[in-house]
Amino acid sequence: MGKFFKRSAQGAGVPHEKRTSGLETVVMPLPSKIVLSMSQHIGAPASPVVAKGDQVYVGTVVGKSGGFVSSDIHSGVSGIVEGITSITAPNGAVQTAVVIVPDGAQKVDPAVAPPNVTDLKSFQDAVRASGLVGLGGAGFPTAVKLAPKNLDEIDTLIINAAECEPYITSDNRCLIEDTHYIFSGIKAVMKYLNIGRCIVGIEGNKPEAISKIQAAIDAPGIEVKSLPCRYPQGAEKVLIENCTGREVPFPGLPSDVGVIVMNVTSVAFVGKYLETGMPLVTKRLTVDGDIVKDPKNVEVIIGTPVQELLDFCGGLTDEPGKVLYGGPMMGNCLADLSQPVLKNNNAILAFSQKWAHLPKVTNCIPCGRCTNACPLGLSAKEIVQAYNNGNVELLQELNADLCMSCGTCSFVCPAKRPLAPSIALAKIMMKNGGKK
Ligand code: SF4
Ligand code: SF4
């Protein structure tokens, strides 16, 4: 195991902008089509198992997982496969996608039924069959997360309900509206993985959610922790330290300190899936931003084109400067509005040219704020200098590959230097053996 960092863990006090937190989730009607990317997760892409003209139903498998770290893709509509196509992801990767035109009947696939879960293996198999991936943004297949090599050493389940990104309130609505499923999911994970303790970590700016979860605790070993509102409170390593006092070593995983972390929406889905058997075909999203006419929390069928989702929210009031998958700190820009909603999306945010405009960059002063604020104690300024000089050896010494692209360093920099995007490029350069 490598060296331990002593984290300063100062983070940043980002504006909350959670104006949709009190808005109950509304269900969007059927879109004109759904576009299901076969790469909605970390790991090998799924392979299409349907062809043009095939009839599919709600819950039908249309993409079969491509390996252990991969996930099945299911249809959220009944209808006809229009074709297999290619789409370009925000990172430029070209992905295979299945396009389905709904028939309006929303007939459920006869194979959809509550899974027969009796032990750890059947629980892990059920989670794999559900198509669940980390719904907090990472998209890591949950079945893999629930099968750590050192399962005997895991003593704590942490439910990540920090939701520290500005604007996004979909987890807050999950805490309030899906409390029953959250608890049935938690209890199933604790039972089948034999974990005695669960901490639900929620940022203190969600008092209604904290009260609701606190009041619903009906089993031993489950507790709620109100967390300070410091970004990035929801980053796995930060959350683990603030919930348990344990520091995840570098390089290392939460399981190295006896912890499994699940996003609250993911664990609620587990609870619902065990009762219904309906795989992951819908997602709750926050739709907001200064040019969204009618911001909402929306339950939407995965694969819905973003343009149709925005139309459901009253459309845009101005020419967009930037439309994001996710929050303003870590979200990715959409190349165009025909892009589909993905499993791990928790928000679509649309901003005007004025808000999307990047500030003027000035010289480093050098004040050290980027290092003080980094939750991992990385020296963003030095990493960027090493990247500009093409010095891969120094990048390795500075542990640039540990950067989680949280954007805190860029946010606090008084010179407005684009540190986080440059570090993302530095990581690519390290992977390419020094080539920019
Ligand atoms: S983007 Fe990377 S370097 Fe910057 S604060 Fe986050 S983890 Fe640290
Ligand atoms: S925060 Fe900005 S100005 Fe301050 S040291 Fe870091 S890069 Fe330089």
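Residues numbered from 1 in each chain as written. Chains lettered and ligands numbered in written order. Predicted model: local features only at pLDDT ≥ 70, side-chain atom pairs only at ≥ 80, totals over all residues. Heavy atoms only, no water.

What follows covers the overall build of the chain. Secondary structure summary: the chain contains 14 helices and 17 strands in total. Rg of the C-alpha trace for the chain: 21 Å, near the compact-globule value of 22 Å for 436 residues, within the 12% margin. C-alpha extents for the chain along the principal axes are approximately 65 × 50 × 45 Å. By residue count, 53% of the 436 residues in the chain fall in the buried class. Counting only contacts in the chain whose residues sit at least 6 apart along the sequence, the fraction spanning at least 24 positions is 72%. (Helix = DSSP H or I, 4+ residues; strand = E, 2+ residues; numbered from the N terminus. Rg over C-alpha atoms; globule rule 2.2 N^0.38 Å. Buried < 20%, exposed > 50% of the residue type's maximum accessible area, 1.4 Å probe, protein only. Contact = heavy atoms within 4.5 Å.)

All right, on to the layout of surface pockets then. What the second largest pocket holds in volume is close to 410 Å³. At the level of secondary structure, the elements contributing two or more residues to the lining of the second largest pocket comprise α3 (170–177), α7 (264–276) and β13 (282–288). With six residues, α7 is the single largest residue contributor to the lining of the second largest pocket. Its residues assigned to classes, the lining of the second largest pocket comprises 11 nonpolar, four polar and six charged. There are two domains that each give the lining of the second largest pocket at least three residues, and those are domain 1 (27–112 + 279–355) and domain 2 (120–276). (1 Å grid on protein atoms, 1.4 Å probe; cavity = no way out; pocket = protein on both sides within 12 Å on 5 of 7 lines; lining within 4 Å. Points joined across faces, edges and corners; volume = space filled by probe spheres on them. Nonpolar A, V, L, I, M, F, W, Y, C, P; charged D, E, K, R; others polar. Domains from an automatic or database assignment.)

Turning our attention to helix α4 (residues 179–192). Over its 14 residues, α4 extends 20 Å from the first C-alpha to the last, a length consistent with the 20 Å expected when each residue adds 1.5 Å. Among all positions in α4, only Thr179, Ile182, Phe183, Gly185, Ile186, Ala188, Val189, Met190 and Tyr192 are buried. Asn194 sits one or two positions beyond α4 and adopts a positive phi of about 55 degrees. (Expected span 1.5 Å × (residues − 1).)

Taken together, four strands build an open sheet; the order of strands is β11-β10-β9-β12 and the sheet is parallel. Each having just a single partner strand, β11 (222–227) and β12 (259–263) make up the two edges of the open sheet. On average, each strand axis in the sheet is inclined to that of its neighbour by 25 degrees, with strand direction left out of account. Sheet topology note: the strand β9 (residues 156–161)/β12 ladder contains five bridges and is parallel. Pairing of Asn160 across the sheet is with Asn263, part of β12. Against the sheet, α7 contacts β9 and β12, and its axis sits at roughly 85 degrees relative to β12. (Pairing = 2+ DSSP bridges. Axes fitted to C-alpha atoms, helices over the stretch in contact; angles between N-to-C directions.)

The next subject is the pairing of β11. With six bridges connecting them, strand β10 (residues 197–203) and β11 associate as parallel partners. Bridging across to β11, Cys198 finds its partner in Ile222. Tracing the backbone out of β10, into helix α5 (residues 207–216) and back to the parallel element β11 gives a crossover that is right-handed. (Right-handed = clockwise from strand over helix to strand, strands pointing away.)

With that settled, the discussion passes to the confidence of the model for the chain. Within the chain, residue pLDDT values average 93, and 98% of them lie at 70 or more. This model gives residues 1–8 a pLDDT under 50, and the stretch forms 27 contacts once residues within four places in sequence are excluded. (pLDDT = per-residue confidence, 0-100.)

A few words now on unusual backbone geometry. The bulk of non-glycine residues show a negative phi, and the bulk of peptide bonds are trans. Cis peptide bonds are those with omega within 30 degrees of zero, and the linkage from Tyr231 to Pro232 qualifies with -5 degrees. Considering the arrangement of structural elements, one finds Pro232 in the loop between β11 and α6 (236–244). Cis geometry marks the peptide bond from Ile365 to Pro366; its omega dihedral reads -15 degrees. Structurally, the position occupied by Pro366 is in the loop between α9 (353–356) and α10 (369–373). A positive phi angle, near 75 degrees, is found at Tyr167, a position not held by glycine. For Tyr167, the position within the fold is in the loop between β9 and α3. In this structure Tyr167 comes out as buried when scored by relative accessible area, which is 8%. At Asn194, a position not held by glycine, the phi torsion is positive, near 55 degrees. Here Asn194 lies in the loop between α4 and β10.

Moving on, we come to the pattern of salt bridges. Summed over the entire model, instances satisfying the criterion amount to 11 salt bridges. We note a salt bridge from Arg173 to Glu177, for which the minimum N-O separation is 2.8 Å. A residue pair is termed a helical-turn pair when its members lie 3 or 4 positions apart in one helix, as Arg173 and Glu177 do in helix α3 at four residues. Residue Glu177 is classed as partly exposed on the basis of its relative accessible area of 31%. One connected set of salt bridges, linked through shared partners, spans Arg173, Glu177, Asp178 and Arg284. (Salt bridge = Lys/Arg side-chain N within 4 Å of Asp/Glu carboxyl O.)

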